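The residues making up each chain are set out below.
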Amino acid sequence: CEHDVADGVLIGTAYTFTFDDADLSTDAITVPLKKIEDSDTQPVLSPDELGDIGETLLAVESKDMTALSSCVEYPVYVGIDDGVEVKNADDFMKLDASKIYTDELMKGIETTDLMTIDKSEAGVVLGDADNGHTVIVNAEDGCITGINP
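It should be emphasised that the depicted structure is a prediction, and the values quoted were computed from it without experimental measurement. (Residues numbered from 1 in each chain as written. Predicted model: local features only at pLDDT ≥ 70, side-chain atom pairs only at ≥ 80, totals over all residues. Heavy atoms only, no water.)

## Thoughts on the overall build of the protein chain
Our working definition: Secondary structure elements are taken from DSSP: a helix is a run of H or I of four residues or more, a strand is a run of E of two residues or more, and numbering for both begins at the N terminus. Note on classification: 1.4 Å probe, protein chains only; a residue is buried when its accessible area is under 20% of the maximum for its type, exposed when over 50%, partly exposed between these limits. Note on contacts: a residue pair qualifies if any of its non-hydrogen atoms lie within 4.5 Å across the two residues.
Scanning the protein chain from terminus to terminus reveals six helices and nine strands. Here the protein chain, with 149 residues, has 34% of them falling under the buried criterion. For the protein chain, the share of sequence-separated contacts (at least 6 apart) that also reach a separation of at least 24 residues comes to 51%.

## Description of the pattern of salt bridges
Where charged atoms from two side chains of opposite charge approach closely, those side chains can pair. The condition is simple: Salt bridge criterion: a side-chain nitrogen from Lys or Arg within 4 Å of a carboxyl oxygen from Asp or Glu.
Throughout the structure, instances matching the rule amount to five salt bridges. The residue Asp 91 makes a salt bridge to Lys 94 at a minimum N-O spacing of 3.9 Å. Look at Lys 94 and you get exposed, because its relative accessible area is 66%.

## Description of the side chain of His 133
Where we set the bar: By the criterion applied in these results, polar contacts are pairs of N or O atoms within 3.5 Å in which, for protein atoms, one can donate a hydrogen and the other can accept it, and in which residues neighboring in sequence qualify only through two side-chain atoms.
Secondary-structure assignment places His 133 in strand 8 (residues 133–137). At 2.6 Å, the side chain of His 133 and the backbone oxygen of Pro 149 are in polar contact. Filtering out sequence-adjacent residues up to four positions away, His 133 remains in contact with Glu 104, Leu 105, Leu 126, Gly 127, Asp 128, Asn 148 and Pro 149.

Below, the structure written as C-alpha cells:
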C-alpha cells in the first residue's frame, strides 16, 4: 500500500483511502487498499475531543448501560417519561435501557457526521438534532450532559 501521510496515521485526523478497482458494495473486506493520503478536509474538533466523543458513540452503539453511565456527568437530564434528573451512576443503571436506546436515537447516532459536527455552549450534539433524538457531550471533558432519546 502506497502512503502519502505527513505524520503517519493519527487518531482524529482525516485521510483519503483509495482501493483497487473493485465493487466495494459486494465484499469490501477483501478489496485491497491501494493508497492512503492526507485529506484536504479535517474535522472541526480536536483529536482529543473526537476520542472522548468516540467513547460515548461506542457506548451508545453497543447499548451498554455501564459504559454509557461512565461517560455521564452527574447530575444529568434524561428525556424519558416526563424527563428525569439522574443524580448518580446507581440511579442511571436503574433506568429502562429500552427507553434510552430508542430506534430514533440509534439511527441519529449512526448518522452523526464527526467531520462537520459543531460545538456550542451546550456542548457537542450527537444524533438527530432536527428531531431532538440526541446525546449532548461537553467537548472539553467528553462527559454527557444530556440524553434525549
